[in-house]
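Each chain, letter by letter, is given below.
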Number of protein chains: 2
Amino acid sequence: MDLKPTKPLSGFIELLPAQQRCFDYCARRMQNVLRDCGYSRLDLPAIERAEVLTDKDNWDEIETQIFLFQKGDTKMGLRYDGTVGLSRFVAGHLTDLNFPFYTYQFARNYRGERPQRGRYREFWQLDIDILGIQNLSLNYDAEIVSTLMKMYESISDIVGRVKAKIGNRRFWNAMFAYLNLTDDQARDAFVLIDKRDKITDFYEGLVETVGENAAKEIDAVFTNGYRSFVGKNAELDAAIAEMDKFMKLLDAMGVKNAEIDVSIMRGHSYYTGIVFEFFSIDYPDLPAVGGGGRYENLASKFSKTKIVGVGASIGVSRLLVALMEAGKIDLSRFETSVDVAVLVMGDDNLAYAMRALNTLRAAGIPSVAYLDTDKKFKNQIEYADKIGAKFAAIIGETEVTEQKIALKNMTTGVQESLSIDDAIKTIKGM
Amino acid sequence: MDLKPTKPLSGFIELLPAQQRCFDYCARRMQNVLRDCGYSRLDLPAIERAEVLTDKDNWDEIETQIFLFQKGDTKMGLRYDGTVGLSRFVAGHLTDLNFPFYTYQFARNYRGERPQRGRYREFWQLDIDILGIQNLSLNYDAEIVSTLMKMYESISDIVGRVKAKIGNRRFWNAMFAYLNLTDDQARDAFVLIDKRDKITDFYEGLVETVGENAAKEIDAVFTNGYRSFVGKNAELDAAIAEMDKFMKLLDAMGVKNAEIDVSIMRGHSYYTGIVFEFFSIDYPDLPAVGGGGRYENLASKFSKTKIVGVGASIGVSRLLVALMEAGKIDLSRFETSVDVAVLVMGDDNLAYAMRALNTLRAAGIPSVAYLDTDKKFKNQIEYADKIGAKFAAIIGETEVTEQKIALKNMTTGVQESLSIDDAIKTIKGM
């Protein structure tokens, strides 16, 4: 019989235990920040009705990008981000929730597109949102950026430092209106500005799209600075003032490493105000490691109540797996999760060994036992070594008689005969 | 425009924040036990190739029970348990892993079947396994049961007490051979024994299936006890001795509330030895809250290496959601995750308020801010009350001038003007 493939489908991630421990460490640290910042976790279904998933404005591609399938009469599909489910859930629970609602999701999302390097078809993402009814002050946008920066700082020992770049959709909307661009021109200019740092013919593209006069003005935003448009009209002034106020708020919140970059646009059409992206300082080749922004009327498809908010997401798999694959993460501290391997020399000594094992575990010392008790000492100590145990707790006839354990430090090789309590002290003293 | 439905698809679970906090508390407690017991987490894809998913022996139903779909030329589907992916992964990483390999998964699984009460189409499950190459002693079966009992104990404040029932597939295989049953008879008898406690015509069913003589013998296992078959033949003796040894091992490991119940069978065909199920003591109406057993040659579809093991699973969603729906879980301690709501009286006081908020959060005190600073005090304090904050930290002009915060105990109503450091002491002193 032919053996079946052992590799996962392409675009799907499988981590080895040490990598997984590193991933889990980062996920836990970031979620601890969210807990201290008072965000409530939601765990929404990975599967939604197709009509719920495929109704995002201006994103025609999405139907080919999601996993859709049918069960009975129902068309359904896998979620591709946290926003759709959140909109639906909040609209259905307006009276069960308190607003402003600080919330986050940590969940797997799915993309059906052909996988490319660094693009996965299944990935963990943190989605962080603050939602309000009708209104929500700009302060919350700063709160979200501040929280994300704290989250990145909490794992800076693993992923290095991160900076925030701040843009403003309102600025460009005001600018395109000021330049009398048509909707089509505005859309094309939007795309050009979004990828300005990736293309060499930015200006030529602009001229082709919006004509020479408008192109000059748009280019001036980058060459002379966005503040050079102060005084042109009320809309532009308001957008510029909003950016300035936002930077002051970030400063008040203690956020370092944040700067205005008006070329930051974000792809989603639902953003309406401040937008932001996060970039690695230490690994500048990485694409954005997170981002988000302000949206108005999030759940208009689900409710007549106007739900406004500000949201952000961190592609946790994308960030960590990219750095792991590039060899940028030192996994040595994650090589083992075990402090002690209990080695049992014969079944006669098992009952006592189990008591010792239980005592170690109850003391919060991660411990496993090698329970093929008929195996030679050599095989057993090899196991302790291979799994990276810091200590081997060897239990034979002598130890049972004396009610002790032979505790071998696997690094120094020193072995001592100790009571279980003294062994715990020695292990914790490490 | 018609509004879209806000309810999730039937069979999918959505918890409100307090329920989710309770769920997360239980998931964390159980995983802490697994960490102390040295099990490494694996996080395997939710999507597998169809050929990987649909190849479980003797489980013809499964093709109708799983979510299958196609993307490009590839047929794939959603995992329905942790075993298939684990087999594939381990077979593909024999040289990357150390055996015995203590591992667990905490993941969502999917069932495509029509949802019934208490049966979900998407649910979180903990899968715990110890895998070995070629051989693994019976001691590991006891280790798994011991670990599961510790996990249940870690959440007994939420779900009550749990007991273990132990069966042995080997006993029945020996019994059916001793009775000269055909394969068909053995399969039918297996099913009858498995549902013995749910049917009234157990004996009549047996007679019809295996004839009167064999039925009498099988029934005698329950009326006279399995030990009444000691001395019939070597196979039966070995199976009975195995059960007796197993109970002694559990005792040595400090496991209370475990008993032999030879009617425990487990549905999966891959079990070959000791099997076990866990039942609620305090909520006897609940179906089994977990179970597992010994299997030989787990990954024969993926590898020529013989991988043996013992595994168990806990249906975390099933257990917790069942108890929540029955009103058996007191959620009052999970109603809030916030200790402090910072209330800001006007944007002029925002910078100072943000500093206070940051200091509280950095001190590990979960805190949120109400940042619509133009809202009246009445609205702001109402928010603090609604979200269940233990304290409101009110910050107005006076507080900024005096570099203090007005800390209001939301339970007693007492309000004090305190420095941030003293406020932290008061809050932590609670």
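Cut-offs used in this document
- Residues numbered from 1 in each chain as written.
- Chains lettered and ligands numbered in written order.
- Predicted model: local features only at pLDDT ≥ 70, side-chain atom pairs only at ≥ 80, totals over all residues.
- Heavy atoms only, no water.
- Helix = DSSP H or I, 4+ residues; strand = E, 2+ residues; numbered from the N terminus.
- Rg over C-alpha atoms; globule rule 2.2 N^0.38 Å.
- Buried < 20%, exposed > 50% of the residue type's maximum accessible area, 1.4 Å probe, protein only.
- Contact = heavy atoms within 4.5 Å.
- Areas by Shrake-Rupley, 256 points an atom, 1.4 Å probe, with all protein chains shown as cover.
- Lys, Arg positive; Asp, Glu negative; His and termini not counted.
- Charge placed at Lys NZ, Arg CZ, Asp CG, Glu CD.
- Salt bridge = Lys/Arg side-chain N within 4 Å of Asp/Glu carboxyl O.
- Least-squares fit on C-alpha atoms with pLDDT ≥ 70 in both.
- Polar contact = N/O pair within 3.5 Å; in protein donor to acceptor, adjacent residues only side chain to side chain.
- Pairing = 2+ DSSP bridges.
- Axes fitted to C-alpha atoms, helices over the stretch in contact; angles between N-to-C directions.
- Arc of directions from axis to C-beta.
- Nonpolar A, V, L, I, M, F, W, Y, C, P; charged D, E, K, R; others polar.

Observations concerning the overall build of chain A
Point 1. For chain A, the count of helices and strands is 16 helices and 16 strands.
Point 2. Rg of the C-alpha trace for chain A: 28 Å, well past the compact-globule value of 22 Å for 430 residues, more than 25% over.
Point 3. Its C-alpha atoms give chain A principal-axis dimensions of roughly 90 × 55 × 45 Å.
Point 4. Within the span of chain A, comprising 430 residues, buried residues form 59% of the whole.
Point 5. Long-range pairs, those at least 24 residues apart, make up 67% of the contacts in chain A with a sequence separation of at least 6.
Point 6. Just so you have it, chain A exposes about 18000 Å², and 45% of that area is on carbon and sulfur atoms.
Point 7. Each charge sign in chain A was given a centre, from 54 positive and 61 negative side chains, and these centres are 2 Å apart.

Remarks on the pattern of salt bridges
Point 1. Overall, the coordinates contain 48 salt bridges over all chains when judged by the stated rule.
Point 2. Between A:Arg41 and B:Asp24 there is a salt bridge; the shortest N-O distance is 2.9 Å. Residue A:Arg41 is located in strand E1 (residues 40-41), and its partner B:Asp24 is located in helix H1 (residues 17-36); the two belong to separate chains.
Point 3. Take B:Asp24: its relative accessible area is 17%, and that puts it in the buried class.
Point 4. Between B:Asp184 and B:Arg187 there is a salt bridge; the shortest N-O distance is 3.4 Å.

Quick word on the relation of the copies chain B and chain A
Point 1. You can overlay chain B on chain A at an RMSD of 0.1 Å; the transform is a turn of 180° with a shift of 0.0 Å along its axis. On the angle and the small slide along the axis, the relation comes out as a two-fold axis. Every residue of chain B has its C-alpha some distance from the rotation axis, and the shortest such distance is that of B:Phe69, at 2.9 Å.
Point 2. When the interface residues of chain B are mapped onto chain A, 100% of them are again interface residues, pointing to one common binding face.

Describing the interface of chain B and chain A
Point 1. With 103 residues of chain B in contact, the opposing surface of chain A contributes 103 residues.
Point 2. Joining chain B to chain A, the criterion identifies 12 salt bridges.
Point 3. The interface formed by chain B and chain A includes 54 residue pairs in polar contact (both at pLDDT 80 or more).
Point 4. The biggest single contributor to the side of chain B that touches chain A is helix H13 (residues 350-362) of chain B, with seven residues.

Some thoughts on the sheet that holds strand E3 (residues 68-71) of chain B
Residue and element names in this part refer to chain B.
Point 1. Strand order in the open sheet made by the three strands is E2-E4-E3, with antiparallel pairing throughout. Sheet topology places strand E2 (47-49) and E3 at the edges, where each strand pairs with a single neighbour. Mean inter-strand twist for the sheet, computed between neighbouring axes without regard to direction, equals 40°.

A word on the side chain of B:Ser263
Residue and element names in this part refer to chain B.
Point 1. On the secondary structure map, Ser263 appears in the loop between strand E8 (258-260) and strand E9 (271-280).
Point 2. On the accessibility criterion, Ser263 (11% relative accessible area) is buried.
Point 3. At 2.7 Å, the side chain of Ser263 and the side chain of Asp261 are in polar contact.
Point 4. In contact with Ser263, other than residues within four places in its own chain, are Ile193, Asp194 and Phe222.

Regarding helix H16 (residues 420-429) of chain A
Residues and elements named next belong to chain A.
Point 1. Among all positions of H16, only Ile420, Ala423, Ile424 and Ile427 are buried. On an axial view of H16, the arc spanned by its buried residues comes to 100°, and they lie on one face. The exposed residues of H16 that point more than 90 degrees off its buried face are Asp421, Lys425 and Gly429.
Point 2. Looking at the packing, one finds that the buried side of H16 touches strand E12 (340-344), helix H13 (350-362), strand E14 (391-395), strand E15 (405-409) and strand E16 (415-418).

Examining the packing of helix H7 (residues 169-178) of chain B against helix H10 (residues 212-223) of chain B
All names here are of chain B.
Point 1. Packing of H7 against H10 leaves a shortest axis separation of 10 Å and a crossing angle of 145°. Where H7 approaches H10, its residues Phe171, Trp172, Met175, Phe176 and Tyr178 are matched on the opposing element by Glu217, Ile218, Val221 and Phe222.
Point 2. By residue class, the composition of the contact of H7 with H10 is eight nonpolar, no polar and one charged.

Points about the sheet that holds E12(A)
Residues and elements named next belong to chain A.
Point 1. What the five strands build is an open sheet, ordered E13-E12-E14-E15-E16; its pairing is mixed. Only two strands of the sheet have a single neighbouring strand rather than two, namely strand E13 (367-370) and E16. Ignoring which end each strand starts from, the neighbouring axes of this sheet average 25° apart.
Point 2. Of the strand pairs in this sheet, E14 and E15 are connected by four bridges, and their pairing is antiparallel. Bridge assignment links Ile394 to a residue of E15, and that residue is Ala406.

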